[in-house]
Amino acid sequence: KYITQSNDYNSLTGCNKVRRCRMKIDKTSGVYKSCMLGILCAVCGILLSTVNAITAPIIEENALASVKSSLEVIYPGATFTDVTEDKIGLLELKDGEEKLIDGIYNAEGKGTIFTLHSTGYNADGFTFMIAYNNDGSVAGYSVLEQAETAGKGDKAFKDPYVSDVLKLTSSDTMPLISGATITTTAVGKAVDQARQVFNKMNNISYDENATATPAPKAEPVELAKEDFKDNKAECSETSNDGTTAVYACKAQGFEGVNEATVTVDVASKSVKSIEVTKFNDTKGVGDLATKATELEKYKGVTLESKVDSTTGATFTSTSLRAMITTALQAATK
């Protein structure tokens, strides 16, 4: 009896053990799913790390190769390193200020090149480069892509402006150009960010609050000697009683054709008044020249007079002088 009970006990115990060993895993359980998800994430992380370690240098090399030809315009044959990620943290933006630095490249033993973007008159903006030698002198300044107005804003990327920039250092602000103020101001904003980073990289002290020097105003010349060919001014006589002649005039401004009525004193061949009848230039900029206080200065003007442009509205002012000159020339015939 005792033996039978013992065998039955052992048999039962062995059966329980087998059941425990052969118990199936419930793959629908939350524990199982959590474990499998953790394993999957770990495997994916290892794979991604491995792939990144292999591809990152290749991607970086390809990115550098895409701009290398541009960089070599300034430092031919130099060995370049993209240090954007390492150095962009030196840039401190003011509230609401946009980051205008696209890339920072070290030319081994020579200097640093910054690729920049900004928006001038054309809403599409422009991209360019400026480079500083290790001593802080400007090594190069070159446009990459721009669509600023020909003969106006694009002066910011041509001589003599380029030659003037090459005389500067990282402590200097960018100069402005009369007639291309909007574009050169936009250039200066981007360069200010490059100067900030470069000077911090090289422990160069400079005045961070310095502002660009206003562009020197061109000395006015007599109206009869001024070149207005780009304005293509036209005037047609609408009335003439022998004392006063009235002309309907139009001339090309910065953005479009402006129109005005010019009244001339026939005897003295001088302007009695000018009234702008249609303004097609930039509002808030060119229309500064059309204010009553500005138009008043044309009263009494003759072909021998010299008239200054309105500050900040050079091209609109020129279109007004072109119309006045054309009307005065018509009155002298």
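Conventions and cut-offs
- Residues numbered from 1 in each chain as written.
- Predicted model: local features only at pLDDT ≥ 70, side-chain atom pairs only at ≥ 80, totals over all residues.
- Heavy atoms only, no water.
- Helix = DSSP H or I, 4+ residues; strand = E, 2+ residues; numbered from the N terminus.
- Buried < 20%, exposed > 50% of the residue type's maximum accessible area, 1.4 Å probe, protein only.
- Contact = heavy atoms within 4.5 Å.
- Areas by Shrake-Rupley, 256 points an atom, 1.4 Å probe, with all protein chains shown as cover.
- Expected span 1.5 Å × (residues − 1).
- Pairing = 2+ DSSP bridges.
- Axes fitted to C-alpha atoms, helices over the stretch in contact; angles between N-to-C directions.
- Disulfide = S-S within 2.5 Å.
- Phe/Tyr/Trp six-rings, centres within 6.5 Å; stacked < 30°, edge-to-face > 60°.
- Lys NZ or Arg CZ within 6 Å of the ring centre and 35° of its normal.
- Salt bridge = Lys/Arg side-chain N within 4 Å of Asp/Glu carboxyl O.
- Patch = residues over 30% accessible without salt bridge, like charges linked within 9 Å, V, L, I, M, F, W, Y side chains within 5 Å.
- 1 Å grid on protein atoms, 1.4 Å probe; cavity = no way out; pocket = protein on both sides within 12 Å on 5 of 7 lines; lining within 4 Å.
- Points joined across faces, edges and corners; volume = space filled by probe spheres on them.

Along the backbone of the chain there are seven helices and nine strands. Here the chain, with 333 residues, has 36% of them falling under the buried criterion. For the chain, contacts bridging at least 24 residues in sequence account for 53% of all contacts bridging at least 6. About 19400 Å² of surface is accessible on the chain, with carbon and sulfur atoms providing 53% of the total.

Take helix 7 (residues 314-331) next. With 18 residues, helix 7 extends 26 Å between its outermost C-alpha atoms, agreeing within 8% with the 26 Å of an ideal straight helix rising 1.5 Å per residue. Most of helix 7 sits out of view: 15 of its 18 residues are buried.

The next point concerns the sheet that holds strand 5 (residues 138-145). Taking strand neighbours across the sheet as the criterion, the five strands line up as 1-2-3-4-5 in an open arrangement whose pairing is antiparallel. Two strands lie at the open edges of the sheet, namely strand 1 (80-82) and strand 5, each paired on one side alone. Strand-to-strand, the axes of this sheet are offset by a mean angle of 20°, without reference to chain direction. Against the sheet, helix 5 (residues 181-201) contacts strand 2 (101-107), strand 3 (111-118), strand 4 (126-133) and strand 5, and its axis sits at roughly 35° relative to strand 4.

Below, the discussion takes up the state of the cysteines. Scanning the entire structure with this criterion turns up one disulfide. Bridging Cys235 to Cys249, the disulfide has an S-S length of 2.1 Å. Disulfide Cys235-Cys249: the torsion about the S-S bond is 115°, which places it as right-handed. Of this pair, Cys235 sits in strand 6 (residues 234-240) while Cys249 sits in strand 7 (residues 244-252), and the two are 14 residues apart along the sequence.

A complete count under the given rule lists nine aromatic pairs for this structure. Measuring from ring centre to ring centre gives 6.5 Å for Tyr141 and Phe157, while their planes differ by 20°; the resulting arrangement is stacked. Taken together, the residues Tyr141 in strand 5 and Phe157 in the loop between strand 5 and helix 4 (161-165) connect sequence positions 16 residues apart. The pair Tyr141 / Phe157 is uniform in exposure class, with both members buried. Put simply, the rings of Phe126, Phe128, Tyr141, Phe157 and Tyr161 pair up and form one aromatic cluster. Lying over the aromatic face of Phe315, Lys152 brings its terminal NZ or CZ to 4.8 Å of the ring centre.

Moving on: the pattern of salt bridges. The final tally for this structure, using the stated rule, is seven salt bridges. Its salt-bridge partner being Glu226, residue Arg321 comes within 2.5 Å of it at the nearest N-O pair. With a gap of 95 residues between them, Arg321 in helix 7 and Glu226 in the loop between helix 5 and strand 6 connect regions that are remote in the sequence. This pair shows no difference in class: Arg321 is buried, exactly as Glu226 is. Between Glu294 and Lys297 there is a salt bridge, with the nearest N and O atoms lying 3.0 Å from each other. For Lys297, a relative accessible area of 32% translates into the label partly exposed.

Attention shifts here to a nonpolar patch on the surface. On the surface, Met36, Ile39, Val43 and Leu47 cluster together into a nonpolar patch covering about 360 Å² of accessible area. Mapping Met36 onto the fold places it in helix 2 (residues 30-71). On the basis of relative accessible area, Met36 is assigned to the partly exposed category, the value being 40%.

Our focus in this paragraph is the sheet that holds strand 6. Strand order in the open sheet formed by four strands is 6-7-8-9, and the pairing between neighbours is antiparallel. The open sheet is flanked by strand 6 and strand 9 (270-278), the only strands paired with a single partner. Direction aside, neighbouring strands of the sheet carry axes that sit 25° apart on average. Relative to strand 8 (residues 257-265), strand 7 runs antiparallel, the two sharing nine bridges.

Next up on the list: the layout of surface pockets. When its volume is computed, the largest pocket comes out at roughly 1100 Å³. In terms of lining residues, the largest pocket is bounded by 47 residues, among which Ser178, Gly179, Thr314, Phe315 and Thr318 are the most central. Looking at the lining of the largest pocket, the elements that each hand over two or more residues are helix 5 and helix 7. At five residues, the largest contribution of residues to the lining of the largest pocket is made by helix 7.

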